[in-house]
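Here is what each chain is made of, one letter per residue.
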Amino acid sequence: MSDLTVSPIRFGRILLTGAAGHLGREMRPRLKACCDRLRLSDLEPMAPATDGEEVIVADLADRAAVLALLEGVDAVVHLGGVSTEQSWERIAAANIHGAVNLYEAARRHGVRRIVFASSNHVTGFYRQDQVISPRDPVRPDGFYGLSKAFGEDLAQLYWDRFGLETVSVRIGSAFAAPKDRRMLATWMSFDDTERLFMAALTAPVVGHSIVYGLSDNATAWWDNTPARHLGYRPQDSSEVFRAEVEARQPVLDREDPAVIHQGGAFVRTGPFFEEA
Ligand SMILES: NC(=O)c1ccc[n+]([C@@H]2O[C@H](COP(=O)([O-])OP(=O)(O)OC[C@H]3O[C@@H](n4cnc5c(N)ncnc54)[C@H](O)[C@@H]3O)[C@@H](O)[C@H]2O)c1
Ligand SMILES: O=C(O)[C@H]1O[C@@H](O)[C@H](O)[C@@H](O)[C@@H]1O
């Protein structure tokens with residue numbers, strides 16, 4: 001765990017959605033260290049609440065449940081939702097209707113700020129020989145990326161109309177280690193993820209800011225200059241994994257759309273629909 005967990009900055013109640021998920025389980029103890037009460041929510045069961053925690057099972061698609069979930073919350077780290085290319089119906093329920101339910105409940109309860117787990121798949125159809133910034137137009141690589149682009153537009157609407165602040169974090173690949181050559185560029189360590197979430201929660205003025213979530217990797221496709229005001233300074237780099245990753249994947253098929261585009265295999269996955 002990084003030094004940031006002993007930051008003197010403290011919150012009242014933070015809501016962490018997607019708490020049963022891969023990143024939610026990693027972030028749970030780290031967020032716990034910076035707030036008085038941490039409310040954890042997911043569709044799936046979570047580890048029982050410890051001191052200072054509240055655990056609430058809720059479906060983001062259930063408007064009434066989400067309205068109750070946001071009561072008494074100061075800030076949200078919104079990780080909940082479908083996190084891969086799945087059927088349009090599943091994506092729409094969690095990432096479209098669920099996002100609207102979350103933002104509307106947050107507005108009604110006077111929540112100040114949301115850190116939204118967006119995704120690099122919002123711009124997955126840019127090529128790997130392009131360096132882009134959060135100001136470039138979106139180019140989603142599937143329904144999943146499209147749903148995250150919707151989430152970002154929703155955040156912009158709730159900032160413009162209601163003054164509810166959001167930092168949309170277009171997370172690259174937040175895993176313990178990069179799994180393939182692509183992730184040498186997209187990887188973000190868990191410690192850097194914590195640093196970025198803390199920067200997003202504590203920067204004094206954010207409006208609706210968009211930032212890419214990556215470590216200080218030698219190879220990078222994303223220029224975060226427009227998000228410098230957040231003060232995020234990654235400390236880790238995928239470079240330490242390069243030799244091992246390249247040895248595991250020595251040959252790349254440069255005709256493969258997944259090798260050409262930033263979104264990797266997502267650019268040729270789906271579209272999926274539920275059977276009638
Ligand atoms: N891990 C990454 O590299 C990465 C990269 C880009 C974006 N993200 C985003 O970050 C977030 C967390 O990612 P993760 O890797 O932990 O994904 P994950 O799939 O492990 O976790 C997502 C959680 O959301 C929950 N969820 C799904 N539908 C729900 C619903 N209708 N109501 C309530 N909860 C629901 C799931 O049960 C799951 O526990 C996701 O929003 C994902 O899109 C992650
Ligand atoms: O692009 C990536 O590596 C990651 O993108 C995220 O949006 C997905 O949730 C995750 O499953 C992918 O591994």
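Procedures and definitions
Residues numbered from 1 in each chain as written. Chains lettered and ligands numbered in written order. Predicted model: local features only at pLDDT ≥ 70, side-chain atom pairs only at ≥ 80, totals over all residues. Helix = DSSP H or I, 4+ residues; strand = E, 2+ residues; numbered from the N terminus. Rg over C-alpha atoms; globule rule 2.2 N^0.38 Å. Buried ≥ 20, exposed ≤ 12 C-beta atoms within 10 Å, placed from the backbone. Contact = placed C-beta atoms within 7 Å. Near = placed C-beta within 6 Å. Nonpolar A, V, L, I, M, F, W, Y, C, P; charged D, E, K, R; others polar. Core = buried A, V, L, I, M, F, W, Y, C linked by C-beta atoms within 7 Å. Expected span 1.5 Å × (residues − 1). Axes fitted to C-alpha atoms, helices over the stretch in contact; angles between N-to-C directions. Parallel < 35°, antiparallel > 145°, perpendicular 65-115°, else oblique. Left-handed = near helix turned anticlockwise from the far one by under 90°. UniProt positions renumbered as here; feature names shortened; annotations may be inferred. Pairing = 2+ DSSP bridges. Right-handed = clockwise from strand over helix to strand, strands pointing away.

S.K.: Where do I start with the overall build of the protein chain in this structure?
M.R.: Looking only at helices and strands, one finds 8 helices and 9 strands in the protein chain. What you see for the protein chain is a C-alpha radius of gyration of 18 Å, in line with the 19 Å of a compact globule of 276 residues. Seen through its C-alpha atoms, the protein chain measures out along the principal axes to roughly 50 × 50 × 35 Å. Evaluated residue by residue, the protein chain yields a buried proportion of 46% over its 276 residues. Considering only residue pairs separated by 6 or more positions, the protein chain has 69% of its internal contacts joining residues 24 or more positions apart.

S.K.: What's the story with the site of ligand 2 in this structure? I'm lost.
M.R.: In the vicinity of ligand 2, the contacting residues are S83, T84, S119, N120, H121, S173 and T186. Looking at the shell around ligand 2 residue by residue, the classes come out as no nonpolar, 7 polar and no charged.

S.K.: Even after reading the chapter, I still don't get the nonpolar core, so can you show me in this structure?
M.R.: As a rule of thumb, nonpolar side chains are buried together in soluble globular proteins. By size, the foremost hydrophobic cluster in this structure holds 69 residues, and its most contacted members are L16, V76, V77, A106, V115, V169 and A200. The leading source of residues in this core is helix 3 (residues 88-108), at 8 residues.

S.K.: Is there a simple way to explain helix 6 (residues 190-202) in this structure?
M.R.: Since the α-helix packs 3.6 residues into each turn, any two residues three or four apart lie on the same face. In a regular helix each residue adds 1.5 Å, so 13 residues correspond to 18 Å; helix 6 covers 18 Å between its end C-alpha atoms and thus fits that length. The buried count for helix 6 comes to 10 of 13 residues, which makes it a mostly enclosed element. Those residues of helix 6 not exposed but buried are D192, T193, E194, R195, L196, F197, M198, A199, A200 and L201.

S.K.: What exactly am I supposed to notice about the packing of helix 3 against helix 4 (residues 143-162) here?
M.R.: When two helices pack together, their arrangement is given by the angle between the helix axes and the distance between those axes. Two elements in contact, helix 3 and helix 4, have axes separated by 10 Å at closest approach and are oriented at 15°. Judged by the inter-axis angle, helix 3 sits roughly parallel to helix 4. Seen along the crossing, helix 3 lies across helix 4 with a hand that is right-handed. Within the contact between the two elements, helix 3 uses W88, I91, N95, I96, A99, V100, Y103 and R107 and helix 4 uses F143, Y144, S147, K148, F150, G151, L154, Y158 and F162. Partitioning the contact of helix 3 with helix 4 into residue classes produces 12 nonpolar, 3 polar and 2 charged.

S.K.: Any chance you could explain the site of ligand 1 here in plain terms?
M.R.: Among the 25 residues in the neighbourhood of ligand 1, the closest are listed as G21, L23, S83, A117 and I171. Elements that contribute at least two residues to the shell around ligand 1 include exactly helix 1 (22-32), helix 3, strand 5 (113-119) and strand 7 (173-174). Of the residues that constitute the shell around ligand 1, the class distribution is 12 nonpolar, 10 polar and 3 charged.

S.K.: How should I be thinking about the environment of L146 in this particular structure?
M.R.: Positionally, L146 belongs in helix 4. Residue L146 is classed as partly exposed on the basis of its C-beta count, with 19 C-beta atoms lying within 10 Å. Taking the C-alpha atoms as reference points, L146 and N95, 51 residues apart in sequence, are found 9.7 Å from one another.

S.K.: What's the story with the UniProt feature "domain: NAD-dependent epimerase/dehydratase" (unreviewed entry) in the protein chain in this structure? I'm lost.
M.R.: In the numbering used here, UniProt assigns the "domain: NAD-dependent epimerase/dehydratase" (unreviewed entry) feature to residues 14-186. Annotated as 36% helix and 21% strand, the span residues 14-186 places its first and last C-alpha atoms 27 Å apart.

S.K.: It is not clear to me how the sheet that holds strand 4 (residues 75-78) should be interpreted in this structure. Could you clarify?
M.R.: Backbone-to-backbone hydrogen bonds pair the strands of a sheet. The strands run either parallel or antiparallel. What the 7 strands build is an open sheet, ordered 3-2-1-4-5-6-9; its pairing is parallel. Strands with a single pairing partner mark the edges of an open sheet, and in this sheet they are strand 3 (53-57) and strand 9 (208-213). The average undirected angle you get between the axes of adjacent strands in this sheet is 20°. Summarising the sheet, strand 4 and strand 5 pair through 4 bridges and their orientation is parallel. Counterpart to H78 in the pairing with strand 5 is F116. Against the sheet, helix 1 contacts strand 1 (11-17), strand 2 (35-42), strand 3 and strand 4, and its axis sits at roughly 165° relative to strand 2. Sitting on the sheet, helix 6 touches strand 4, strand 5, strand 6 (165-171) and strand 9, and the angle it makes with strand 5 is about 140°.

S.K.: How should I be thinking about the pairing of strand 1 in this particular structure?
M.R.: Along any regular strand, the residues point their side chains to alternate faces of the sheet. Taken together, the 6 bridges between strand 1 and strand 2 define a ladder with parallel strand orientation. Paired with I14 across the strands is L38, a residue of strand 2. Traced from strand 1 through helix 1 to strand 2, the parallel crossover comes out right-handed. In this structure, strand 1 lies alongside strand 4, joined through 4 bridges in parallel fashion. Note that in strand 4 the partner of T17 across the bridge is H78.

S.K.: Could you clarify how one ought to interpret the environment of Y212 in this entry?
M.R.: Mapping Y212 onto the fold places it in strand 9. Taking the number of C-beta atoms within 10 Å as the measure of exposure, Y212 has 26 and is therefore buried. Along the backbone, Y212 and R228 are 16 residues apart, and their C-alpha atoms lie at a distance of 11 Å.

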